[in-house]
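Commentary on secondary and tertiary structure
Each chain, letter by letter, is given below.
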Amino acid sequence: MAAAAGLAAALAVLVPAAPASAGDDALPAFPGAEGFGYAATGGRGGEVYHVTSKELTGPGTFHDALTTAGDVPRTIVFDVAGDVTIPQIVARDKHGITIAGQTAPGDGVTIKGNTVRFVECSDVVIRNMRFRLGSASTDDAMYIEDSQDVIVDHSSFSWAGDEVLSIKSKDYDAPRSKNITVQWSIMSEGRLTHSMGGLVEMNTISMHHNLYAHNNDRNPKTKGVMDFVNNVVYNWGDFPYVAGGESGTKGYGNVVGNYFVAGVNSANPTAAVVRGNENYQVFLDDNRIDSNRDGVLNGRDTGSGMIEAARPAVRVPERFAYPPVHTQSPRRALDLTLDHAGASVARDAVDARVVDEVRHQTGAIIGDESDVGGYPELDEGTPATDADRDGMADDWELARGLDPADPEDRNGDDDGDGYTNLEEYLNELAAPGFPKGYPLTPVEWSGDAFEPPAPEAPEAAPAAPLEGDAIRSAVVTDSSTNGAANAALWSIQQDLQVGDFVAGDRMTGSKAYRFTSVPAEIQGLEWVRSAVESRAATNDDLLSFFLPVDADVWVAHDTRISPRPAWLTDRYEATDLTVADDHGGSWKLFKARFPAGSHVVTGANAGGTVLNYIVAVDPVPGADEPVSAAPADLGAESSGAAGGLGVDLSWTGSAGATAYLVARASSSEPAMRVVGTTADTSFRDADVEAGVPYRYQVTAVGPGGASDASAAVSALVTSGSTTAPAPGDLAVGAARSYSVDLGWSAVDGATAYGVYRAPADGGELELLGHVADPSYTDDTAEPSSSYRYAVTTVSPGGESEPSSAVSAATSGPLDPVVAPGGLQATEVSAAAFALGWEPVPGAETYQVYRRDGGGAFALVGTTTEPAYEDDTIGASVASYDYAVTAVNELGESERSASLTVPLPVPAPPTDLRVGLQGATFTGLVWTSGGGATEYRVLRSKAGGDPQEVGVAKVHTTYDRDLEPGTAYTYRVVAVNAAGTSEPSAPLRAVTLPGSP
């Protein structure tokens with residue numbers, strides 16, 4: 001009993017501060033299953049598939065076992081052992097699978113040669129497997145996407161060319177991967193040049209008692225919900241635990257009881273949680289980091305000090321309530337993980353070596369599996385006799401009173417514990433993988449599991465319509481996943497010519513598409529620059545706009561698309577004209593004529609992988625003149641619920657008009673947009689809401705063009721309900737020379753607020769405008785003036801009385817700011833440029849603009865001081881041009897004289913050292929000075945001249961095909977667009993004796 005008590009203390013459970021629950025009364029997948037994926041059912045109660053062949057495909061192969069799984073749950077057992085080479089396996093839409101590697105005879109099974117992918121699968125259990133990809137493939141060792149209820153236990157993943165183990169949701173906005181656990185597993189030795197532990201993104205996932213070792217980056221990279229407990233991370237290269245990276249996606253991570261051990265490749269040995277940002281929240285508790293690389297595991301808890309200072313995640317004080325796992329101190333978890341992680345029932349030489357390297361802080365990131373001896377020879381053993389092919393060994397069945405000739409007894413439950421007889425057998429085989437005495441039942445917990453909060457951002461007002469001369473109120477409605485972002489890149493352009501950028505999302509770098517051929521018929525026209533990625537939209541109103549004049553509408557449609565969409569072929573006539581760009585794209589031109597007042601609607605591109613269409617408009621007024629007089633006497637009558645909500649507009653017509661465009665703005669859509677067209681002098685707007693203030697204008701159009709817009713009128717539709725009270729707490733936030741900021745308390749039931757102003761010394765309050773939110777900036781104020789402000793509440797019941805008034809006095813007049821002078825670079829490195837300039841009197845802020853490669857200046861930053869540091873420069877750009885403007889209330893100054901800042905060559909690499917040494921190769925590691933695009937390795941032998949023998953993108957590489965027992969001298973230089981650094985200090989390395 002005393003021994004048991006001591007073990008219980010050593011394995012003490014750390015229960016989360018905030019208890020949680022996620023239906024933890026379900027039967028665990030197996031004894032020892034924990035975390036989010038603990039209840040995956042796998043192949044329970046289904047059929048058995050014996051892997052009997054090492055062929056690539058066909059009956060009895062691992063490929064067949066996964067790809068032929070159907071509606072019946074399946075348990076995969078192994079009658080073969082050793083290395084099993086596979087083609088790429090994609091298990092899609094598979095549900096209820098157990099891969100029981102513990103059934104393999106001898107030293108177990110290693111899957112090699114290609115990737116295994118689980119896509120849109122559920123209830124998957126993977127135990128005691130090895131997936132060692134090898135240099136024959138550049139893929140992931142394993143990839144899991146959009147899958148639910150998955151547990152990976154006591155498995156080993158290594159030698160991938162991409163990610164070692166990735167688990168993610170494809171759509172971050174609507175993540176589908178959930179309830180996943182990876183436990184007691186090893187993710188090691190991702191191959192250069194990529195060398196990534198894995199993306200673990202947008203899941204609800206538990207990772208505990210795992211070892212990440214010898215991966216340059218992503219150990220792991222996480223987004224979404226992550227419970228990272230009692231893991232060991234060793235010899236990361238650039239980055240260990242990545243807290244979201246440069247992403248705007250939210251992350252909520254528990255990082256508890258882990259042990260981070262720096263190795264020879266670790267560029268920043270003191271940071272364990274890196275590349276965070278304001279979107280990633282982390283609970284950090286009781287972790288250890290061993291940074292000194294002294295060969296002794298003696299890490300310390302440095303608290304927030306292990307969070308990267310330059311790119312910190314947001315540390316939170318309370319642990320996220322996720323399904324808890326049995327948790328030990330970091331030191332105890334280190335020992336347990338090193339002793340038992342991976343396919344440890346029969347640990348192979350690869351895992352044994354990696355674990356030993358962690359213990360002694362040796363080893364290095366590899367470039368090829370041959371650097372560490374390649375695939376070890378495995379004892380293939382003799383498979384257990386299983387006469388009835390039910391997955392259970394005959395002698396085991398006999399010992400438990402089962403019938404070795406009855407395959408149906410596999411799905412019985414003789415002891416009534418919920419596990420089938422087959423599962424009892426599998427669990428018994430796997431039990432030695434757990435530490436002796438480790439609790440094999442989940443931690444009891446109660447309460448509610450943490451769920452990421454829904455975005456709190458208010459619903460954005462619709463984007464303002466695009467306005468041109470011949471194109472009015474153009475609206476882009478993109479139904480694709482990134483539709484809003486795509487739509488923001490559309491624009492109306494003037495004077496279509498050769499050399500114009502083709503698409504709003506193809507205007508930089510190698511993706512800059514420009515027209516090389518534009519037929520004379522459309523040169524000089526107003527046109528719509530679309531976004532290539534809008535090609536994924538499927539809606540039938542991708543682009544819509546109104547015409548203020550008779551016009552030919554041209555559509556340029558990619559020549560590779562067939563069949564063409566019906567909206568195009570039904571209305572537009574094909575021509576023999578084409579448009580071409582400098583990337584080999586070409587568009588066939590179609591044309592249709594529309595009368596003034598038309599609402600033109602174009603639909604989906606109908607080509608998912610090619611370029612999106614382009615629209616140009618050619619007014620054809622003939623001898624007609626534009627309508628000269630704007631509509632007059634515009635009136636608006638509102639009708640409430642009794643007669644159906646609506647606003648009835650009427651006006652006096654304009655001579656020569658053939659149609660009228662009706663435009664509307666509101667408190668929620670402040671930009672005027674055309675909402676209808678009519679040939680009459682009246683219009684009913686039935687698309688209105690009670691309690692929303694509207695403003696209307698009407699424009700007369702004819703064959704020759706449009707009139708000016710009419711004077712605006714306002715309308716408010718009410719429902720007859722009670723009017724909401726006036727706002728309280730009206731206050732002046734700031735009073736400047738030309739503007740006044742106001743704010744007030746929100747009112748329940750408000751649909752808008754009216755803002756009124758009067759001179760402070762008397763006079764009637766006059767409406768300035770309506771807004772949807774409880775704040776307003778009056779930018780029509782005059783200097784040295786005093787005002788009185790009041791606010792009303794607008795609701796479906798009508799508009800309230802004004803609030804109590806507040807007064808504000810503006811400051812004196814300002815002079816326009818002038819362009820800053822004296823722009824100079826105060827400090828320059830290959831990683832950042834510091835700029836300074838002379839202060840400008842009266843400036844409130846400064847805008848910093850930059851251009852590269854002869855492009856246009858673009859805003860890169862805003863500052864209140866006459867100084868700015870640009871740390872976003874790229875090492876592949878030889879120089880940047882900068883200009884600065886000053887800003888105050890009167891506006892922005894002209895730009896300063898431009899300043900060209902050449903990129904300096906990078907600093908020389910330092911601390912050049914040997915990572916791994918073989919008879920025919922040398923692995924090199926160095927410390928980067930920053931600002932390099934690549935590194936070049938120079939080698940000399942016996943006093944000879946240095947020769948370039950390799951190029952690396954990261955700060956480690958391998959020099960191969962060397963002679964055994966031979967001394968070589970190495971230097972490394974860093975390279976960027978400005979040139980090459982001085983060489984590093986030399987390093988003498990002697991290859992090991994042996995046969996080539």
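Residues numbered from 1 in each chain as written. Predicted model: local features only at pLDDT ≥ 70, side-chain atom pairs only at ≥ 80, totals over all residues. Heavy atoms only, no water.

1. Details of the overall build of the protein
Within the protein one finds eight helices and 68 strands. Each of the three principal axes of the protein carries a C-alpha extent, and together these read 100 × 75 × 65 Å. Buried positions account for 54% of the 996 residues belonging to the protein. In the protein, the proportion of contacts linking residues at least 24 apart, taken out of those at least 6 apart, comes to 70%. Carbon and sulfur atoms make up 49% of the accessible area of the protein, which totals about 40000 Å². Averaging the locations of the 65 positively and 135 negatively charged side chains of the protein gives two centres separated by 7 Å. (Helix = DSSP H or I, 4+ residues; strand = E, 2+ residues; numbered from the N terminus. Buried < 20%, exposed > 50% of the residue type's maximum accessible area, 1.4 Å probe, protein only. Contact = heavy atoms within 4.5 Å. Areas by Shrake-Rupley, 256 points an atom, 1.4 Å probe, with all protein chains shown as cover. Lys, Arg positive; Asp, Glu negative; His and termini not counted. Charge placed at Lys NZ, Arg CZ, Asp CG, Glu CD.)

2. Looking at the confidence of the model for the protein
With 96% of its residues at a pLDDT of 70 or more, the protein shows a mean pLDDT of 93. Within the model, the stretch residues 1–23 combines pLDDT values under 50 with 43 contacts to residues more than four positions away or in other chains. (pLDDT = per-residue confidence, 0-100.)

3. Regarding the layout of surface pockets
Taken as a whole, the largest pocket spans an internal volume of roughly 760 Å³. As for the largest pocket, its lining consists of 25 residues, and the residues nearest its centre are Phe239, Arg311, Ser928, Gly930 and Gly931. Considering the residues around the second largest pocket, the lining is formed by 20 residues, among which Tyr172, Met202, Lys250, Pro452 and Pro453 are closest to the centre. Put simply, the parts of the chain that give the lining of the second largest pocket at least two residues each are β16 (199–208) and β18 (221–229). Looking at the lining of the second largest pocket, the element that brings in the most residues is β16, giving three residues. For the lining of the second largest pocket, the residue count by class is nine nonpolar, six polar and five charged. (1 Å grid on protein atoms, 1.4 Å probe; cavity = no way out; pocket = protein on both sides within 12 Å on 5 of 7 lines; lining within 4 Å. Points joined across faces, edges and corners; volume = space filled by probe spheres on them. Nonpolar A, V, L, I, M, F, W, Y, C, P; charged D, E, K, R; others polar.)

4. Quick look at the packing of aromatic side chains
Taken as a whole and assessed by the stated rule, the structure comprises 30 aromatic pairs. Between Phe62 and Phe78, the aromatic rings sit 5.9 Å apart at their centres with planes inclined by 35 degrees, giving tilted as the arrangement. Taken together, the residues Phe62 in helix α2 (residues 62–67) and Phe78 in strand β2 (residues 74–78) connect sequence positions 16 residues apart. A single burial state applies to Phe62 and to Phe78, both of which are buried. Among the aromatic residues, those joined into a ring-pair cluster are Phe36, Tyr252, Phe320, Tyr322 and Phe450. Positioned above the aromatic ring of Phe501 is the side chain of Arg514, whose terminal nitrogen or guanidinium carbon lies 3.9 Å from the ring centre. (Phe/Tyr/Trp six-rings, centres within 6.5 Å; stacked < 30°, edge-to-face > 60°. Lys NZ or Arg CZ within 6 Å of the ring centre and 35° of its normal.)

5. A few points about the pairing of strand β57 (residues 867–870)
Side-chain alternation along β57 places Tyr868 and Asp870 on a buried face and Ala867 and Glu869 on a face that remains uncovered. As defined by bridge partners, strand β54 (residues 833–836) adjoins β57 across four bridges and the pair is classed as antiparallel. Looking across to β57, one finds that Ala834 is bridged to Glu869. (Pairing = 2+ DSSP bridges.)

6. Considerations on the environment of Lys591
Tracing the chain through its elements places Lys591 in strand β34 (residues 586–594). When the C-alpha atoms of Lys591 and Ala907 are compared, they prove to be 59 Å apart, with 316 residues separating the residues in sequence. Every residue in contact with Lys591, bar those within four places of it in the chain, is listed here: Asp552, Val553, Trp554, Tyr572, Glu573 and Thr575.

7. Things to note about the sheet that holds strand β46 (residues 740–743)
What the three strands build is an open sheet, ordered β45-β46-β49; its pairing is antiparallel. On the outer flanks of this sheet lie β45 (731–735) and β49 (775–778), each paired with one strand and no other. Strand after strand, the sheet turns through a mean of 20 degrees between neighbouring axes, direction not considered. (Axes fitted to C-alpha atoms, helices over the stretch in contact; angles between N-to-C directions.)

8. Here's the deal with helix α6 (residues 421–430)
Of all 10 residues in α6, eight are buried; the element is thus mostly enclosed. Burial in α6 covers these residues: Asn421, Leu422, Glu423, Glu424, Tyr425, Leu426, Asn427 and Ala430.

9. Brief notes about the packing of helix α3 (residues 330–340) against helix α4 (residues 349–360)
As a packed pair, α3 and α4 sit with axes 9 Å apart at the nearest point and diverge in direction by 155 degrees. Taken together, the axis directions place α3 and α4 in an arrangement best described as roughly antiparallel. On α4, the residues touching Asp335, Leu338 and Asp339 of α3 are Val355, Val358 and Arg359. Among the residues making up the contact of α3 with α4, the classes are represented as three nonpolar, no polar and three charged. (Parallel < 35°, antiparallel > 145°, perpendicular 65-115°, else oblique.)

10. Digging into the pairing of β46
Every second residue of β46 is oriented toward a common face, the buried set being Val740 and Leu742 and the non-buried set Asp741 and Gly743. Here β45 folds back onto β46, and the loop between the two strands holds four residues. As defined by bridge partners, β46 adjoins β49 across four bridges and the pair is classed as antiparallel. Paired with Gly743 across the bridge in β49 is Ser775.

11. Points about the sheet that holds strand β36 (residues 614–619)
Pairing is antiparallel in the open sheet, where seven strands are placed in the order β28-β30-β36-β32-β34-β33-β29. Both outer strands of the open sheet, β28 (491–493) and β29 (515–517), are each paired with one neighbouring strand and no more. Each strand axis lies, on average, 30 degrees off the axis of its neighbour in the sheet, ignoring direction. Taken together, the six bridges between strand β32 (residues 551–558) and β36 define a ladder with antiparallel strand orientation. Its bridge partner being in β36, Ala551 is matched across the sheet by Pro619.

12. Points about α3
Of all the residues in α3, the buried ones are Pro330, Ala333, Leu334, Leu336, Thr337, Leu338 and His340. Among the residues trailing α3, Gly342 stands out with phi positive, at a value near 80 degrees.

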